[in-house]
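# Structural overview for review
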Amino acid sequence: MKPIVAIVMGSDSDLPIMDEAAKILEDNKIAFEVKILSAHRSPEGVAKFAKTARRSGLKVIIAGAGGAAHLAGVIASLTTLPVIGVPMETNELKGIDSLFSTVQMPSGVPVATVTIGKTGAKNAAILALEILSIWDKNIEKKLETFKKALAESVRPKNKKL
Ligand code: RP5
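Residues numbered from 1 in each chain as written. Predicted model: local features only at pLDDT ≥ 70, side-chain atom pairs only at ≥ 80, totals over all residues. Heavy atoms only, no water.

### Description of the overall build of the chain
Of the regular secondary structure elements, the chain holds six helices and five strands. Taken over the C-alpha trace, the chain has a radius of gyration of 16 Å; the compact-globule value for 161 residues is 15 Å, and the two agree within 12%. With the principal axes as the frame, the chain shows a C-alpha extent of 55 × 40 × 30 Å. Counting all 161 residues of the chain, 43% fall into the buried class. The contacts of the chain with a sequence gap of at least 6 include a subset with a gap of at least 24, amounting to 66%. A total of about 9,300 Å² of accessible surface is found on the chain, and carbon and sulfur atoms cover 57% of it. (Helix = DSSP H or I, 4+ residues; strand = E, 2+ residues; numbered from the N terminus. Rg over C-alpha atoms; globule rule 2.2 N^0.38 Å. Buried < 20%, exposed > 50% of the residue type's maximum accessible area, 1.4 Å probe, protein only. Contact = heavy atoms within 4.5 Å. Areas by Shrake-Rupley, 256 points an atom, 1.4 Å probe, with all protein chains shown as cover.)

Now the structure itself:
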């Protein structure tokens, strides 16, 4: 099956975090591809990927990077596909650097930025599913089940009080 979601990251050191997004897409049987592309170290590769993304059949791009995290923004500047940015946690500034670099995009070039780290990677995949669910009933149903399970998980905690 042709990938409809791309998970892109700036370095292989981001893999353990971005794997959380991959797991959710896998569980939901979404065809996806994973790429390591860096806005700073391999800018030409990033440009080639972003410019051809829509033509290649992709529908949503998830991009994770850390530090001066320009990957999601650069991709968003070169495609009309929705781009979800995942800020990586960093040793130096705990990911605040990645968060601000990813979220503070100029007018006209949105990046849907999620939480720092693993939670962000998970939420990025769920947001991608939500975007795909606009035209895919099957994904819509899976998301409904997921929301019900979330609610169920809270109920016993509330009861315990
Ligand atoms: C960013 O720099 C990457 O996304 C990664 O989060 C960070 C550190 O990369 P490495 O030095 O581990 O390759 O571009």
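### A short note on the side chain of glutamate 20
Position of glutamate 20 among the secondary structure elements: in helix H1 (residues 15-27). Engagement of the side chain of glutamate 20 in a polar contact is seen with the side chain of lysine 23, the distance being 3.3 Å. Sequence-distant contacts of glutamate 20, that is, excluding residues within four places in its chain, are made with Lys118, Ala121 and Lys122. (Polar contact = N/O pair within 3.5 Å; in protein donor to acceptor, adjacent residues only side chain to side chain.)

### Looking at the environment of aspartate 136
Assignment of secondary structure puts aspartate 136 in the loop between helix H5 (118-132) and helix H6 (137-160). Sequence separation between aspartate 136 and lysine 35 is 101 residues; the distance between their C-alpha atoms is 25 Å.

### With respect to the nonpolar core
Judged by nonpolar contacts, the single largest core of 26 residues is most densely connected at Ile7, Met18, Ile62, Ile84 and Val86. Those elements that place two or more of their residues in this core are strand E1 (5-9), H1, strand E3 (60-65), strand E4 (83-87), H5 and H6. It is H5 that contributes the most residues to this core, eight residues altogether. Setting aside chain neighbours within four positions, we find isoleucine 7 in contact with Met18, Ala21, Ala22, Leu25, Phe32, Glu33, Val34, Lys35 and Ile62. Core analysis: the second largest hydrophobic core is formed by 21 residues, Val46, Ala53, Val83 and Val109 among them. (Core = buried A, V, L, I, M, F, W, Y, C linked by side-chain atoms within 4.5 Å.)

### Description of the site of the ligand
Neighbouring the ligand are Gly10, Ser11, Ser13, Asp14, Arg41, Ala65, Gly66 and Met88. In the environment of the ligand, an oxygen atom lies 2.6 Å from a nitrogen or oxygen atom belonging to the side chain of serine 13. Burial of the ligand by the protein chains amounts to 66% of its free accessible area of 360 Å². (Near = heavy atom within 4 Å.)

### Regarding the confidence of the model for the chain
Residues with a pLDDT of 70 or more make up 100% of the chain, whose mean pLDDT is 97. Averaged pLDDT values over the elements of the chain bottom out at 94 in H6 and peak at 99 in E4. (pLDDT = per-residue confidence, 0-100.)

### Re the side chain of serine 133
Its location among the elements puts serine 133 in the loop between H5 and H6. By relative accessible area, which is 14% here, serine 133 ends up buried. For serine 133, the residues in contact, after removing those within four places along its chain, are Ile139, Glu140 and Leu143.

### A closer look at the pairing of strand E2 (residues 32-36)
In this structure, E1 lies alongside E2, joined through five bridges in parallel fashion. Bridging across to E2, valine 5 finds its partner in phenylalanine 32. Traced from E1 through H1 to E2, the parallel crossover comes out right-handed. (Pairing = 2+ DSSP bridges. Right-handed = clockwise from strand over helix to strand, strands pointing away.)

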